[in-house]
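Chains, contacts and geometry: an overview
Chain residues, written in single-letter form:
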Amino acid sequence: MTLGLADRQGDLLDDVNRFCDETLAENSIYAVLHRERDRLFCDELFADLFSDRGRRWVPPSVVATVMVLQRLEGLSDREAAERYTFDARWRYAAGVGGYDTAGWGRFVHTVLVDMRARLAASDDPRRIFRVTVEAASAAGLVGARRVLDSTPLYDAVATMDTITLIRSAIRSLLRVADDGLEAELRAVIASGDDYASNAKPQIAWDDAEARIELIDSRAGDAFACLALLDGAELAPEVADAAELVARVVGQDLEETDDGTFRIARRVARDRVISTVDPDARHGHKTQARGFDGYKGHVAVDPDSEIITDTVVSPANAGDAGVAEDLIDDLVRDAASDEAAPEDTNGPTVYGDAAYGAGGFLDHLATNDIDSRCKTQPPAPRPGGLFTKDRFTIDLDDDTVTCPNDVTVTIRRDRDGDGTAYFSDVCSTCPLRAQCTNAAGGRTISVGRYEQRLVDARAQQTDPDWLADYRATRPKVERKLGHMMRRRHGGRRARVRGKRKVDADFNLLAAAHNLARLTVLGLRSTTTGWMAITP
């Protein structure tokens, strides 16, 4: 396929263009895309996605415009293709005009699928999002402050139980194996299951013995297949399928004393919940509210509400674990002394208690970035026992002093984390009943980032710090609310796999950046971009 080129001349006599010029607000998303489309998404921006030979493709500037509007309105590919065909506003935004012009009258929905695949395989898969951030930065709308937060993204697959997981994993292994290997694998399967269907075997599910036998037999099939493949040189797709089989039988099963396998009475920490989407995980928004799928993480400029970066992680990942990726632009600017002139206080990062981890606080301090990330006080102990803040931690001498004025030395490991053991002195301590119930006495953990946590807790008692935090951090909640208002493609993922979900979430952020830029009055000039804020 060769690069298609949109008509840049336009038709002043076109009915659609004339009608939309007269009726659409100047700052509507359709009017802005019509006016600035060629500057934002010029066809040449996508030239590397196409070859020099073949049939001419739909102009990428048209497809990019449709993709942005699709994500804003939460439409499927078929619905977006229909909207482009029949909605005058979409045709106006895409610059193709009415139906009696030389513009593209319509295209099939698979064009959108193909465009996403071409972007994913390119060296710059986030170019649509990047363009929106660059335009905002050039217009002076992106400063040196960032607010971080995350939101659940529900997966697009059904969560599987243990039997379904094992059978589905074995079926996948048989499917990718060549004829010879498949015959060998089937020869070691002893349960009698042909694994031809994804339906559960027909047994008396009320019979506990039948359920135990079913689990043990399918586990036996899985281990027999893995034993056959052990040490063999496998094709990449077969190796991946075998790894998935090993993963699902290892996470949910345990061996009993008589050698049979049963479902373990626990949930594995990083449990695979579907063989259709092996990247999805169990997650928790709160202790009582769980979800399955992924987390979408964003960094937002609190002044302009422009999204500056996005990351998607499995649902069980901690927010602080991906926070460094969200602020890498601030780190680069801090290293090159390119802070925005309006941010006289320097780069600052805001976040709730999920970002108040010692490692992330250390990363901010190391790169001279101010932290407005809330840090939780030491957790209360059951029964009202003394909390950690009742102990005096002296990091200069590496000691801990208890409420009874007993001082012990912190024992450090090779990573810098340490523990203070009070052990025997607790047996005769008059405050023992208020401090610990442990037979071995009280212990206090002192992490390698303890000083960062202490400093953060002291800092957030400042009224000015609290006022700034309360006035700024909630802005990211509103932005996430805007992004998630469409269930299809918003809260509920439209695709499977972390890579595809990440690309889709990033495109959603790009669409909302454009919507925000229209409100801020984005306009191109001969020298760049400017914002005419109402």
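Structure: see above.
The sections below set out a description of the structure shown in this document. None of the values given here were measured: they were computed from a predicted structure.

Each pair of packed helices can be summarised by the angle the axes make with each other and by the distance between the axes. The geometry of helix H3 (residues 60-73) relative to helix H4 (residues 77-86) is characterised by a closest axis approach of 10 Å and an angle of 115 degrees between their N-to-C directions. As H3 packs across H4, the resulting crossing turns out to be right-handed. Contacts between H3 and H4 involve Val62, Val66, Gln70 and Glu73 on the former and, on the latter, Asp77, Ala80, Arg83 and Tyr84.

So, about the packing of aromatic side chains. For the coordinates displayed, the defined rule picks out seven aromatic pairs. Consider the rings of Phe391 and Phe422, whose centres lie 5.7 Å apart with planes at 50 degrees: the pair is tilted. Remark: Phe422 occurs in the loop between strand S12 (418-421) and helix H15 (432-435) and Phe391 occurs in the loop between strand S8 (370-373) and strand S9 (392-394); sequence separation between them is 31 residues. By relative accessible area, Phe391 is classed as buried at 6%.

Here the focus is the packing of helix H8 (residues 162-176) against helix H10 (residues 208-229). Running from N to C, H8 and H10 point in directions that differ by 30 degrees, and their axes come no closer than 10 Å. Taken together, the axes of H8 and H10 lie roughly parallel to each other. Both H8 and H10 take part in a crossing whose hand is left-handed. Only Leu214, Ile215, Arg218, Asp221, Ala222, Cys225 and Leu229 of H10 make contact with H8, whose side of the interface consists of Ile163, Ile166, Arg167, Ile170 and Leu173. The residue makeup of the contact of H8 with H10, split by class, is nine nonpolar, no polar and three charged.

A word on the pairing of strand S7 (residues 348-351). Burial along S7 is two-sided: Thr348 and Tyr350 facing one way and Val349 and Gly351 facing the other are all buried. As paired elements, strand S1 (residues 145-154) and S7 share three bridges and run parallel to each other. Considered in S7, the bridge of Arg146 is made with Val349. Summarising the sheet, S7 and S8 pair through four bridges and their orientation is parallel. Among the inter-strand pairings, Tyr350 is bridged to a residue of S8, identified as Arg372. Considered for its hand, the β-α-β crossover made up of S7, helix H14 (residues 358-366) and S8 is right-handed.

Analysis parameters
Residues numbered from 1 in each chain as written. Predicted model: local features only at pLDDT ≥ 70, side-chain atom pairs only at ≥ 80, totals over all residues. Heavy atoms only, no water. Axes fitted to C-alpha atoms, helices over the stretch in contact; angles between N-to-C directions. Helix = DSSP H or I, 4+ residues; strand = E, 2+ residues; numbered from the N terminus. Left-handed = near helix turned anticlockwise from the far one by under 90°. Contact = heavy atoms within 4.5 Å. Phe/Tyr/Trp six-rings, centres within 6.5 Å; stacked < 30°, edge-to-face > 60°. Buried < 20%, exposed > 50% of the residue type's maximum accessible area, 1.4 Å probe, protein only. Parallel < 35°, antiparallel > 145°, perpendicular 65-115°, else oblique. Nonpolar A, V, L, I, M, F, W, Y, C, P; charged D, E, K, R; others polar. Pairing = 2+ DSSP bridges. Right-handed = clockwise from strand over helix to strand, strands pointing away.

As far as function goes, none of this settles anything; it's purely spatial.
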